[in-house]
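# Analysis of the macromolecular model
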Amino acid sequence: TDIAEVPTPLVESVQEGSPELTITAYDTTKFSYLGFNMDPEKSPLFVDIPVRQAMMYALDRELVADEILSGYSIRADGMQTPLSSAYAPDQTTTIYDHNPDLARQLLDEAGWVEGSDGVREKDGVRFSFELLFQQGQQAYGLMVPYFQQAWGEIGIEMSPVEQPITTLLDAANARSFQALLLDFVWFVDGDQGSLFRCDALPPNGFNQVGYCNPEFDRLNDEQLLELDVERRNQLLIEQSNIVNDEVAIGMLFFDQAIVASQPRLHNYAPNGYGILASLPFVWVEE
């Protein structure tokens, strides 16, 4: 085999075992995110925006990207992926740096006070929930214990629940979950309506968390009809700032893909269109 995809946790061992291979990382439209169910009948924990913000500020996503994901993911600052024409982290209005003190302050102001066992509570409800994540996803298996620790340090109790992907997606689409860890793939055109519109609840879209902001929908309608590229990108950036500020989802990382290839391949350059995108230009040294 001349070309093979390499899971992020195995990159180092592949490099050590086969130093002759070329390891190439490239940006994709895939991202990893936390979904917090905003339906108060399913969970009262995540209804308030400051609470969702606190959960993001509690996490050192830079640490996870560097240490757990071996530097092959980009901390997500904003909602648009690096391959989107509207990718503009410098125009992102809220950056969720690691700031546990701010996280605690936001929870205090939202009325979640620390109980006798260290877990926050409000109106008799403990801030304790289950986080669903995919079975066999090695990177998630490594990062979830860190999330549990980081949230525990600000008084939030999380219990990890590993599930087969079919079971997890069934729960997501039925909206019968408290929180979940998933990945998703955007289109390069930057349209995010299928994930965030008020009318994009399953089965009409992928808004499993039940987020709704009429201003986002208005801007989404406008960008769909906008023919001027620069004007459309600005509309997309404005939309992205709305959902990022309100933590419609907890955007974690923009995922990179990693490919190992034999040195006899020349002009091989995998990219966001796939590992074989450059195949017409490849020549093989015998």
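Here, the structure is the one placed above.
Here's a quick rundown of the structure. Fair warning: this is a prediction, and the values are worked out from it, not measured in the lab. (Residues numbered from 1 in each chain as written. Predicted model: local features only at pLDDT ≥ 70, side-chain atom pairs only at ≥ 80, totals over all residues. Heavy atoms only, no water.)

### Some remarks on the packing of helix α8 (residues 214-225) against helix α9 (residues 229-245)
In contact at an axis separation of 9 Å, α8 and α9 are set at 160 degrees when each is read in the N-to-C sense. Judged on the interaxial angle alone, α9 and α8 are roughly antiparallel. Once α8 is placed against α9, the crossing between them reads as left-handed. Here E215, F216, L219, N220, E222 and Q223 of α8 come into contact with α9, specifically with R231, R232, L235, L236, E238, Q239, I242 and V243. Of the residues that constitute the contact of α8 with α9, the class distribution is 6 nonpolar, 3 polar and 5 charged. (Axes fitted to C-alpha atoms, helices over the stretch in contact; angles between N-to-C directions. Helix = DSSP H or I, 4+ residues; strand = E, 2+ residues; numbered from the N terminus. Parallel < 35°, antiparallel > 145°, perpendicular 65-115°, else oblique. Left-handed = near helix turned anticlockwise from the far one by under 90°. Contact = heavy atoms within 4.5 Å. Nonpolar A, V, L, I, M, F, W, Y, C, P; charged D, E, K, R; others polar.)

### A closer look at the pattern of salt bridges
Within the structure shown, the criterion is met by 16 salt bridges. Notably, a salt bridge pairs R75 with D97, separated by 3.0 Å at the nearest N-O pair. With R75 in strand β3 (residues 73-75) and D97 in the loop between β3 and α4 (100-109), the pair connects residues that are 22 residues apart, well separated along the chain. By relative accessible area, which is 18% here, R75 ends up buried. Linking E157 and R126 is a salt bridge whose minimum nitrogen-to-oxygen distance equals 3.2 Å. Within this pair, whereas E157 is found in strand β8 (residues 157-163), its partner R126 is found in strand β6 (residues 125-126), the two being separated by 31 residues in sequence. (Salt bridge = Lys/Arg side-chain N within 4 Å of Asp/Glu carboxyl O. Buried < 20%, exposed > 50% of the residue type's maximum accessible area, 1.4 Å probe, protein only.)

### A few points about the nonpolar core
Soluble globular proteins: nonpolar side chains tend toward being buried together. Membership of the largest hydrophobic core comes to 41 residues, with the highest contact counts inside it found for F127, F129, L131, F147, W151 and L181. Ranked by residue count, the leading element in this core is helix α5 (residues 138-152), at 8 residues. Once you skip the residues sitting within four places of it in the chain, L181 turns out to touch Y33, L34, L131, L132, F133, Y140, M143, V144, F147, L168 and L252. (Core = buried A, V, L, I, M, F, W, Y, C linked by side-chain atoms within 4.5 Å.)

### Quick notes on unusual backbone geometry
Cis geometry is found at the peptide bond from P202 to P203, where omega equals 5 degrees. When you line up the elements, P203 lands in the loop between α7 (193-196) and α8. With a phi angle near 60 degrees, R175 is a residue other than glycine that sits in the positive phi range. Within the fold, R175 resides in the loop between α6 (165-174) and β9 (179-185). Phi at V247 is positive, roughly 50 degrees, even though this residue is not glycine. Residue placement: V247 occurs in the loop between α9 and β10 (250-261). Classification of V247 by relative accessible area gives buried; the value is 1%.

Limitation: the analysis is restricted to geometry and does not speak to function.
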